[in-house]
Amino acid sequence: MIDQLIQYDQDLFLFLNNLGSETWDAFWLVVTDKLTFAPLYALLLYLIYKHFGLKTLLISVLVIVLMITFTDQITNIFKHGFKRFRPCRQEGVMESMRFIAERCGRYGFFSGHSSNSMSAAVFAGLLLRPYYKNLIFILLFWSAFVAYSRIYVGVHYPLDIVCGLTFGALSGFMFYKLLGYILKRYVETLPVEK
């Protein structure tokens, strides 16, 4: 059963990865770069400040730091626990794939890019939902876009991505609830949705 799932995962990876072309390589390398979306993060922080004030922004930043640290560390525990080689290191896969990433880490289950981007999307989307109803959908799409870039550049299987996105969504929701608890207990209440 597990072997069959891994085979399907590898087959789907090779199919999606080989859809790429040199024309699009530079674009996807920009998408997959961690610094590319720094302006988006700055905009989200500004929107939190605009609608909730400085005190809530500062507490939010602390909770976000905890959230990213948490998702990173759990991701690393999974990577070193499962020890599943990335496609760019897997014999039988790396010979048939396109690899355009700058480097190929050792283990890939599950994707840190996916879990971090999804946790940020869920956290910010839920926090700002009273003011921007559709923002969460835009952020979820952005997170999936970033996650797909990891398949395109050749460093993650689809299952790495799906599990990373799932964990990130749970993490983002959990830390959103933590922020709500802190604000309600120690600062102020979050606005009630209309």
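Refer to the structure presented above.
Read on for an overview of the structure. (Residues numbered from 1 in each chain as written. Predicted model: local features only at pLDDT ≥ 70, side-chain atom pairs only at ≥ 80, totals over all residues. Heavy atoms only, no water.)

### Describing a nonpolar patch on the surface
Worth spelling out the cut-off: Grouping into patches uses exposed residues only, defined as over 30% relative accessible area, and leaves out salt-bridged ones; the cut-off is 9 Å for like charges and 5 Å for nonpolar side chains (Val, Leu, Ile, Met, Phe, Trp, Tyr). For accessible areas, the Shrake-Rupley method is used with a probe of radius 1.4 Å. Any residue's cover is judged against the shown protein chains and nothing else. By convention in these notes, a salt bridge is any Lys or Arg side-chain nitrogen within 4 Å of a carboxyl oxygen on Asp or Glu. Put simply, DSSP H or I for four residues or longer makes a helix, DSSP E for two residues or longer makes a strand, and each gets a number counted from the N terminus. Three exposure classes are used, based on accessible area relative to the maximum for each residue type with a 1.4 Å probe and protein chains only: buried under 20%, partly exposed in between, and exposed over 50%.
A cluster of nonpolar residues, Leu-43, Tyr-46, Tyr-49, Leu-54 and Leu-58, forms a patch on the protein surface that exposes about 520 Å² of accessible area. Going through the elements one at a time, helix H3 (38-52) and helix H4 (54-82) are the ones with two or more residues in the nonpolar patch. A total of three residues in the nonpolar patch trace back to one element, the largest contributor, which is H3. Examined against the element boundaries, Leu-43 turns out to sit in helix H3. When its relative accessible area of 44% is taken as the criterion, Leu-43 is described as partly exposed.

### Considerations on the pattern of salt bridges
One pass over the structure, following the stated rule, counts three salt bridges. Arg-84 is paired through a salt bridge with Asp-9; the nearest N and O atoms lie 2.8 Å apart. Highlighted residues: Arg-84 in the loop between H4 and helix H5 (112-127) and Asp-9 in helix H1 (residues 2-17), separated in sequence by 75 residues. For Arg-84, a relative accessible area of 15% puts it in the buried group. Its relative accessible area of 7% is what places Asp-9 among the buried residues. Between Arg-84 and Asp-160 there is a salt bridge; the shortest N-O distance is 3.4 Å. You can see Arg-84 sitting in the loop between H4 and H5 and its partner Asp-160 sitting in helix H7 (residues 158-187), a full 76 residues away along the chain. Taking the relative accessible area as the measure of exposure, Asp-160 reaches 0% and is therefore buried.

### A word on helix H2 (residues 22-32)
Rules: What the arc covers is the set of directions going from the helix axis to the C-beta atoms. Two residues form a contact once any of their heavy atoms are found within 4.5 Å.
Of the residues making up H2, those classed as buried are Asp-25, Trp-28, Val-31 and Thr-32. Buried residues of H2, viewed axially, fall in a sector of 130 degrees; they line one side. For H2, exposure combined with an orientation more than 90 degrees from the buried face picks out Thr-23 and Ala-26. Close packing links the buried residues of H2 with H5 and helix H6 (135-152).

### Here's the deal with the nonpolar core
Note the following rule: We define a nonpolar core as any set of buried Ala, Val, Leu, Ile, Met, Phe, Trp, Tyr and Cys residues linked to one another through side-chain atoms lying within 4.5 Å.
Grouped together as the largest cluster of nonpolar side chains are 45 residues, with contacts concentrated most on Phe-13, Phe-123, Leu-127, Leu-128, Leu-139 and Leu-179. Sorting the residues of this core by element identifies H1, H2, H3, H4, H5, H6 and H7 as the ones contributing at least two each. Here this core gets eight residues from one element, more than from any other, and that element is H6.

### Structural notes on the packing of H2 against H6
Stated formally: Note on method: axes are straight lines fitted to C-alpha atoms, helices fitted across the in-contact stretch only, with angles between N-to-C directions ranging 0 to 180 degrees. Any angle that falls under 35 degrees is termed roughly parallel, while one over 145 is termed roughly antiparallel, one within 65 to 115 roughly perpendicular, and all others oblique. The crossing is said to be left-handed when, going from far helix to near helix, the turn is anticlockwise and less than a right angle, and right-handed when the turn is clockwise. Residues are grouped as follows: Ala, Val, Leu, Ile, Met, Phe, Trp, Tyr, Cys and Pro are nonpolar; Asp, Glu, Lys and Arg are charged; every other residue, Gly included, is polar.
At a minimum axis distance of 9 Å, the contact between H2 and H6 shows a crossing angle of 125 degrees. One finds that H2 runs oblique with respect to H6. Helix-helix and strand crossings are classified by hand; for H2 and H6 the assignment is left-handed. On H6, the residues that touch Trp-24, Asp-25, Phe-27, Trp-28, Val-31 and Thr-32 of H2 are Phe-145, Val-146, Tyr-148, Ser-149, Arg-150 and Tyr-152. Looking at side-chain class alone, the contact of H2 with H6 contains eight nonpolar, two polar and two charged residues.

### Focus: the state of the cysteines
Formally: Disulfides are defined as cysteine sulfur pairs within 2.5 Å.
For the coordinates displayed, the defined rule picks out one disulfide. In this model, Cys-88 is linked to Cys-104 through a disulfide, with the two sulfur atoms separated by 1.9 Å. One quick way to see it: the torsion about the S-S bond of Cys-88 and Cys-104 is about 85 degrees, and its sign makes the bridge right-handed. Of the two residues, Cys-88 is situated in the loop between H4 and H5 and Cys-104 in the loop between H4 and H5; the sequence distance between them amounts to 16 residues. With a relative accessible area of 15%, Cys-104 lands in the buried category.

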